[in-house]
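Take a look at the letters that make up each chain.
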Amino acid sequence: MMEHAKMHAKHKGHEAMHAEMVLILIVTLVVAQLVLVQWKQRHPKSYNLVTLFQMWVVPLYFTTKLHWWRFLTTWFVFSVITAYISFRATRKPLACTTPSISVSFRLVYKWFLLLYKISYAIGIAGYSIVMFTLFGINLIFRIKPEDAMDFGVSLLFYGLYYGVLGRDFAEMCADFMASTVGYYSASGMPTKHLSDNICAVCGQPILVDVSEEGIIENTYRLSCNHVFHEFCIRGWCIVGKKQMCPYCKEKVDLKRMFSNPWERPHVMYGQLLDWLRYLVAWQPVIIGFVQGINYVLGLE
């Protein structure tokens, strides 16, 4: 109460200054939003790379200042593994017959699919805990509401943050990998003839029939009747962001082929992800810019 009274006395008579600060904040937010939208439309590649970089480093800055060692530990583990995966994915194109292409493609897909599943499960768990706390279910287990809510919100943030960050890294890797695989060529003409038992993505033999259940992975057949290894065609469509057959370029119906939200390249949380990217990557920068303006103008 005393602190509130002191704060009120300190800022008494500053109503005009506060109104000016609010106006600067609103104008800066509007202008920044317009600039970001134009940048994203005109130069999407540079916008995505800068946003990805800020999504990666901005939380590191704040959590280091706050000594949040749990987040820093998970961030470090994520960064090391993802850096290695990204390094493998962004090497210069290899010969189409080289088995390492298949290994890299599968490695990238498996890692980001695993990351998605973990982050999705953590996010759902966090959301469930928050809802249970709002309904008072935490009291059954004699857990304080503030403790349960803090834990639920933390899990929700971890799930959304690493889900979005992993998805963005996957798309970055895809830009480097999509043109380096199998029988595909940007001109639309296959680089060589495809045999019935050869996967057009990795160029390796298909050992499991479409109708059989594989021990390690299954075989997929597209509507054009071309068959592929499960992880190859999933990697092609998801990591590679391609919606056509790697060999004949016939359109692939992804909604029918894959039911999981991760496996629909254009249906991955949509507006929620854009909002989270803006909140984590750009909002701190904009607020810092506003504080800089206020400092220059002598406003406080």
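Residues numbered from 1 in each chain as written. Predicted model: local features only at pLDDT ≥ 70, side-chain atom pairs only at ≥ 80, totals over all residues. Heavy atoms only, no water.

Here's the deal with the side chain of Gln 54
Okay, so step 1: Considering the arrangement of structural elements, one finds Gln 54 in helix α3 (residues 44-66).
Okay, so step 2: From its side chain, Gln 54 meets the backbone oxygen of Ala 281 in a polar contact 2.5 Å long.
Okay, so step 3: Contact partners of Gln 54, with chain neighbours within four places excluded, come to Pro 59, Ala 281, Trp 282 and Val 285. (Helix = DSSP H or I, 4+ residues; strand = E, 2+ residues; numbered from the N terminus. Polar contact = N/O pair within 3.5 Å; in protein donor to acceptor, adjacent residues only side chain to side chain. Contact = heavy atoms within 4.5 Å.)

Overview of the confidence of the model for the protein chain
Okay, so step 1: For the protein chain, per-residue confidence averages 76 on the pLDDT scale, and 72% of positions sit at 70 or higher.
Okay, so step 2: Mean pLDDT per element in the protein chain: helix α1 (residues 2-10) is the minimum at 55, and helix α4 (residues 69-89) is the maximum at 89.
Okay, so step 3: In the model, residues 94-99 has pLDDT below 50 throughout and makes nine contacts with residues more than four positions away in sequence or in other chains.
Okay, so step 4: Long-range and interchain partners of residues 265-270, a stretch whose pLDDT sits below 50, account for 13 contacts in this model, where long-range means more than four residues apart. (pLDDT = per-residue confidence, 0-100.)

Remarks on the layout of surface pockets
Okay, so step 1: By volume, the second largest pocket amounts to about 510 Å³.
Okay, so step 2: Lining the second largest pocket are 20 residues, and of these Pro 59, Phe 62, Thr 63, Trp 68 and Phe 157 sit closest to its centre.
Okay, so step 3: Broken down by secondary-structure element, the contributors of at least two residues to the lining of the second largest pocket are α3, α4, α6 (145-177) and α9 (271-297).
Okay, so step 4: The greatest single-element share of the lining of the second largest pocket, amounting to six residues, is contributed by α6.
Okay, so step 5: Class assignment of the residues belonging to the lining of the second largest pocket gives a composition of 17 nonpolar, two polar and one charged. (1 Å grid on protein atoms, 1.4 Å probe; cavity = no way out; pocket = protein on both sides within 12 Å on 5 of 7 lines; lining within 4 Å. Points joined across faces, edges and corners; volume = space filled by probe spheres on them. Nonpolar A, V, L, I, M, F, W, Y, C, P; charged D, E, K, R; others polar.)

Regarding a nonpolar patch on the surface
Okay, so step 1: The grouping of Phe 132, Leu 134, Phe 135, Ile 137, Ile 140, Phe 141 and Ile 143 at the surface amounts to a nonpolar patch, some 790 Å² of accessible area in total.
Okay, so step 2: Looking at the element boundaries, Leu 134 is found in helix α5 (residues 99-134).
Okay, so step 3: Here Leu 134 falls in the exposed class, since its relative accessible area comes to 59%. (Patch = residues over 30% accessible without salt bridge, like charges linked within 9 Å, V, L, I, M, F, W, Y side chains within 5 Å. Areas by Shrake-Rupley, 256 points an atom, 1.4 Å probe, with all protein chains shown as cover. Salt bridge = Lys/Arg side-chain N within 4 Å of Asp/Glu carboxyl O. Buried < 20%, exposed > 50% of the residue type's maximum accessible area, 1.4 Å probe, protein only.)

What about α3?
Okay, so step 1: Between its first and last C-alpha atoms α3 spans 33 Å; for 23 residues at 1.5 Å apiece the expected length is 33 Å, and the two agree.
Okay, so step 2: Met 55 marks the point of greatest bend in α3, at about 25°, and the proline Pro 59 comes within the next four residues.
Okay, so step 3: One or two positions beyond α3, positive phi appears at His 67, with a value near 60°. (Expected span 1.5 Å × (residues − 1). Bend = angle between axes of the 7 residues up to and from the residue.)

A few points about the UniProt feature "transmembrane region" (unreviewed entry) in the protein chain
Okay, so step 1: In the numbering used here, UniProt assigns the "transmembrane region" (unreviewed entry) feature to residues 21-39, 68-87, 118-141 and 148-165.
Okay, so step 2: Between the C-alpha atoms that bound residues 21-39 the distance is 26 Å, and the span itself is 100% helix and 0% strand.
Okay, so step 3: Secondary structure content for residues 148-165 is 100% helix and 0% strand, and the end C-alpha separation is 26 Å. (UniProt positions renumbered as here; feature names shortened; annotations may be inferred.)

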